There are 2 protein chains.
Amino acid sequence: MNGQTSSDRIERWGLYEVWLTGAEDGNPFLDVRLSAQFKHKHRVVEAEGFYDGDGRYCIRFSPDALGAWSYVTRSDCSALDGKTGAFTCVEPSPANHGPVAVCNTYHFAYADGTPHFPVGSTCYAWTHQGDDLEKQTLATLGHAPFNKLRMCVFPKHYVYNRNEPPCHPFARAKAGGWDFSRFNPRFFQHLEQRVGDLCQLGIEADIILFHPYDRWGYSTMPAEADDRYLRYVVARLAAYRNVWWSMANEYDLMASKSMSDWDRFFRIVRESDPYQHLCSIHNCRRFYDHRKPWVSHCSVQRSDLSRAREWREEYGKPVVVDECQYEGDIEQGFGNIPGWELVHRFWLGTIAGCYVGHGETYRHPEDILWWAKGGVLHGESPSRIAFLRRILEEGPPEGIEPISRWAGGREGEYYLFYFGVHQPSIWTFDLPPSARYRLEVIDTWAMTIAPVEGTFGGRFQVALPGKPYLAVRIRKAG
Amino acid sequence: MNGQTSSDRIERWGLYEVWLTGAEDGNPFLDVRLSAQFKHKHRVVEAEGFYDGDGRYCIRFSPDALGAWSYVTRSDCSALDGKTGAFTCVEPSPANHGPVAVCNTYHFAYADGTPHFPVGSTCYAWTHQGDDLEKQTLATLGHAPFNKLRMCVFPKHYVYNRNEPPCHPFARAKAGGWDFSRFNPRFFQHLEQRVGDLCQLGIEADIILFHPYDRWGYSTMPAEADDRYLRYVVARLAAYRNVWWSMANEYDLMASKSMSDWDRFFRIVRESDPYQHLCSIHNCRRFYDHRKPWVSHCSVQRSDLSRAREWREEYGKPVVVDECQYEGDIEQGFGNIPGWELVHRFWLGTIAGCYVGHGETYRHPEDILWWAKGGVLHGESPSRIAFLRRILEEGPPEGIEPISRWAGGREGEYYLFYFGVHQPSIWTFDLPPSARYRLEVIDTWAMTIAPVEGTFGGRFQVALPGKPYLAVRIRKAG
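Residues numbered from 1 in each chain as written. Chains lettered and ligands numbered in written order. Predicted model: local features only at pLDDT ≥ 70, side-chain atom pairs only at ≥ 80, totals over all residues. Heavy atoms only, no water.

**Q** Sorry, what's going on with the overall build of chain A here?
**A** Check the secondary structure of chain A and you find nine helices and 30 strands. A compact globule built from 478 residues should have a C-alpha radius of gyration of about 23 Å, and chain A, at 24 Å, falls within 12% of that. With respect to the principal axes defined by its C-alpha atoms, chain A has extents near 80 × 55 × 40 Å. Per-residue burial for chain A yields a buried fraction of 62% across its 478 residues. Looking at charge distribution, chain A has the averaged site of its 53 positive side-chain charges lying 2 Å from that of its 59 negative ones. (Helix = DSSP H or I, 4+ residues; strand = E, 2+ residues; numbered from the N terminus. Rg over C-alpha atoms; globule rule 2.2 N^0.38 Å. Buried < 20%, exposed > 50% of the residue type's maximum accessible area, 1.4 Å probe, protein only. Lys, Arg positive; Asp, Glu negative; His and termini not counted. Charge placed at Lys NZ, Arg CZ, Asp CG, Glu CD.)

**Q** Hey, could you run me through the relation of the copies chain A and chain B in this one?
**A** For the pair of chain copies, the relating operation is a rotation around an axis with a shift along it. The operation relating chain A to chain B is a screw motion whose rotation component is 180°, with 0.0 Å of axial translation and a residual RMSD of 0.0 Å. Such a combination of rotation and displacement between the chain copies is what one expects of a two-fold axis. Of the C-alpha atoms belonging to chain A, the one lying closest to the rotation axis is found on Asp304 of chain A, 4.9 Å away. Interface overlap between copies: 100% of the residues of chain A at the interface are likewise at the interface in chain B, consistent with a symmetric, same-surface contact. (Least-squares fit on C-alpha atoms with pLDDT ≥ 70 in both. Contact = heavy atoms within 4.5 Å.)

**Q** Looking at this structure, I do not really get the sheet that holds strand S11 (residues 120-122) of chain B. What am I missing?
**A** Hydrogen bonds along the backbone pair up the strands of a sheet, which may run parallel or antiparallel. Residues and elements named next belong to chain B. Strands sit in the order S11-S12-S15-S16-S17 across an open sheet of five strands; the sheet is parallel. If you trace the sheet from one side to the other, it starts and ends with S11 and strand S17 (279-280), each paired once. Sheet analysis places S11 next to strand S12 (residues 148-152), joined by three bridges and oriented parallel. The residue bridging Thr122 from the neighbouring strand is Arg150, located in S12. Against the sheet, helix H5 (residues 259-272) makes contact with strand S15 (204-210), strand S16 (243-248) and S17, and its axis sits at roughly 160° relative to S16, the strand it touches most. (Pairing = 2+ DSSP bridges. Axes fitted to C-alpha atoms, helices over the stretch in contact; angles between N-to-C directions.)

**Q** For this particular structure, what's the right way to read the pattern of salt bridges?
**A** Two side chains carrying opposite charge are able to pair once their charged atoms lie near each other. Residue and element names in this part refer to chain B. Overall, the coordinates contain 68 salt bridges over all chains when judged by the stated rule. With its nearest N and O atoms 2.7 Å apart, the salt bridge here joins Arg60 to Glu17. Placement of the pair is Arg60 in strand S5 (residues 56-61) and Glu17 in strand S2 (residues 16-21), with a sequence separation of 43 residues. Glu17 carries the same exposure label as Arg60, and that label is buried. Put simply, Asp197 and Arg194 hold a salt bridge, and the shortest N to O gap is 2.7 Å. You can see Asp197 and its partner Arg194 sitting in helix H3 (residues 185-200), three residues apart, about one turn around the helix. For the pair Asp197 and Arg194, a shared accessibility class is recorded, and that class is buried. (Salt bridge = Lys/Arg side-chain N within 4 Å of Asp/Glu carboxyl O.)

**Q** Help me out: how do you make sense of a negative patch on the surface in this one?
**A** Residues and elements named next belong to chain A. A surface patch of like charges, here negative, comprises Glu24, Asp25, Asp31, Asp54, Asp76 and Asp81. Summarising the element assignment, Glu24 is placed in the loop between strand S2 (16-21) and helix H1 (28-31). In this structure Glu24 comes out as exposed when scored by relative accessible area, which is 52%. (Patch = residues over 30% accessible without salt bridge, like charges linked within 9 Å, V, L, I, M, F, W, Y side chains within 5 Å. Areas by Shrake-Rupley, 256 points an atom, 1.4 Å probe, with all protein chains shown as cover.)

**Q** Where do I start with helix H2 (residues 131-143) of chain B in this structure?
**A** Each α-helix winds once per 3.6 residues, and so residues spaced three or four apart point in a common direction. All names here are of chain B. With 13 residues, H2 should cover 18 Å at 1.5 Å per step; its first-to-last C-alpha distance of 19 Å lies within 8% of that length. Among the residues making up H2, those that are buried are Leu133, Glu134, Thr137, Leu138, Thr140 and Leu141. Taken end-on, H2 shows its buried residues confined to a sector of 160°, consistent with a single buried face. Counted as exposed and oriented over 90 degrees from the buried face of H2: Asp132, Lys135 and His143. Elements in contact with the buried residues of H2: S12, H3 and helix H8 (370-373). (Expected span 1.5 Å × (residues − 1). Arc of directions from axis to C-beta.)

**Q** Looking at this model, I keep getting lost on the interface of chain A and chain B. Mind explaining?
**A** Contacts between the two partners involve 28 residues from chain A, matched on the other side by 28 residues from chain B. Carbon and sulfur atoms make up 48% of the area that chain A and chain B hide from each other, which totals about 2100 Å². When the buried surface of chain A facing chain B is broken down by residue, Glu331, Val421 and Gln423 of chain A rank first, second and third, together holding 28% of it. Scanning the region where chain A abuts chain B turns up 16 residue pairs in polar contact (both at pLDDT 80 or more). Taken together, the elements giving at least two residues each to the side of chain A that touches chain B come down to helix H7 (339-351) and strand S26 (426-430) of chain A. (Buried area = accessible area lost by both parts, 1.4 Å probe. Polar contact = N/O pair within 3.5 Å; in protein donor to acceptor, adjacent residues only side chain to side chain.)

Below, the structure written as structure tokens:
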């Protein structure tokens, strides 16, 4: 927010800003068109600008190629039109791997090729809780195993979520209610700050654009307000490399939106976003048709993870089971499974070649439940999820493919067996006879990894501890 | 086996036998037709007889009405034809409630109206293990919670089942192999003794007529041998009141039988059985069409008990999930779930208005696994299943109907909530406001029943222990 352009050296996938001063009268949100063409060699990328209030306009851009870039602005407001500038895109800092995209059909990688194994959590309304709690949430995330966070733009009205947000996304209308044609820049500045905070922590912000938990009218705006809102959010946030777009949480609970609305929202986001960030939509009961071309991956709410492989096969895209019920003890069925059951579901999804998300809903004297407001974690699952994340990161960089009912991995190279509630005290493995493998017995709850003595190949039996929630990791020897 | 008729006083649903002496030459199994018409007032019931070897013929009958009965035999062998006799059917002894039949669409009752809540187990090959082990099995069953036992007629060839049975159902053919036209009466006498032993223990014998686990050729007999075998078994066993017919275990694994074979088997059993005993067929993967009229109830193999209600609704008949995987630690997925998972599945099935069966497959130094051979029980589930059986027997005699995702019972009268892995620490109940109810919190694993102080009605909240595998029983107060 420096009121001028950023430094003339900007790291690859960093955030470059062009700040301009222009019309303050009328309704600049409606009246002024602003964009810029960013040029690198023969390539031109167009980015939309946005009005940030007080006569201040901004165009954000995230360069994806090293070297010299120049830009020229375009606007129907002469004070904003034809401004030019240039900068140099330099090597990214070590923690900056660029935005995440789909890789290997069912998996993800950062733009620099580093694999991304989504291990997400959920704090729907954490940015609407005020600085103290938000900072506590960030501190918690700094030590938590999560590299993705689902979060709503709009404030949330729901059980355990009756508090008024400190700030709203729109200006108040003189007649009462909200003026959906005037955004509240302060609200979005705050949101951006939190998205940036997550970026600093290496956490992808899975930004939920619409949701049904509403007492203010944000879930039932007219179509032109919806569309303008989407373009505004994309103009403001798309240049943050850690952004993922989620069209909605439980889209199918929003009775006022039709399927063609959802299709249109996807198209608007896809058309407006120069970076083609990941784009998904989260269901309650009925899946959206994830085969549609604008869907990058399936964001799934389902509790039966033994079916995860079906969804992968049905849609031919990565499956992220963002909601498979949460560790907690609230009354609602979505939020009262024990930690061990959530960890079990993570493992089931993992060997099916899918990704699973966390949430926590333990009752709290001040209604501070992680799943909505953030704060601190109370549950038993996060440490086990950290353990699983370590396993994933030590595994094949291309991601785990389903191999059988019991195993995922990469045929011939790497196998991760997971037995779930099953407790065989012996197991027959059938590996390629031409290679030798090392085995480790993993207790997914105790978080122990016990090597099995020797190397193995072909068909052989191994004694197992005969208890539930065990896994066996098999890697090529030597 | 007294070589003459039974006493002239026979209890209702008891076993009456007419013994005759006839032709011994040729092949009496093929050559001789024998039946008797049993007459009570104006009603005539025809029962088939059978050849028991050594020139001995028998007709068994189980009278279902009190008072005077008479009979006359019919045979194409003159020595067996036209024999007459009479007996009096008297009140049954206290433990004799008659055969079980379907009652209230989805449930069962004995012929005297006593409810039967099937709580079954599985010892497929227990009658092929020799007297010592079979007596141990009976002793175990005498203290176990099971009132139904699935058991095969034919011996079993399978993993952990490589031992040769002491006795075979057919005579050896001179050319080697088996002469499917000559039964081995000793084999069936032994089987009957065991069915009678179970009857003494109050246990229904769910007799599996065909199965695919075979090295002797019993699963691939020609059609005429199949049909003759069925008629012979029915003639011998139908008069035992504790008999249920199961056409097959895992019928869909028997590649040599077509769907029309299975339909024919059902029809033969239904036509031959004067008592219309319960008739089912057990699947591996694909369900038989249980809507067919000769199917009395659905015998289901499935592990996902959360779907039990669907099967009830699809087929409109009682659902007995005879196999939902077994407590044990063998390698095969069907036999290595922990006791608590099996108990969980029992409860899921129960609140869905279905019935669930037990089996146990812990590895044993002599391969004596309960699920096949009987012996003793090693697992943790039977005591909890006994506890559940007590709950069932204290519940509505008409059986439990599904009410919601979380509860079964009888609307307004009785509710059994079961939360499974969910661990709400509070719950809102919504009962009829016009009545008062008492609540008990049940720990299905610890087998405790803790009354909640007070009486309740209408909509109210109750604090719960916030741990998995809890149930709440709600009964009308006073």
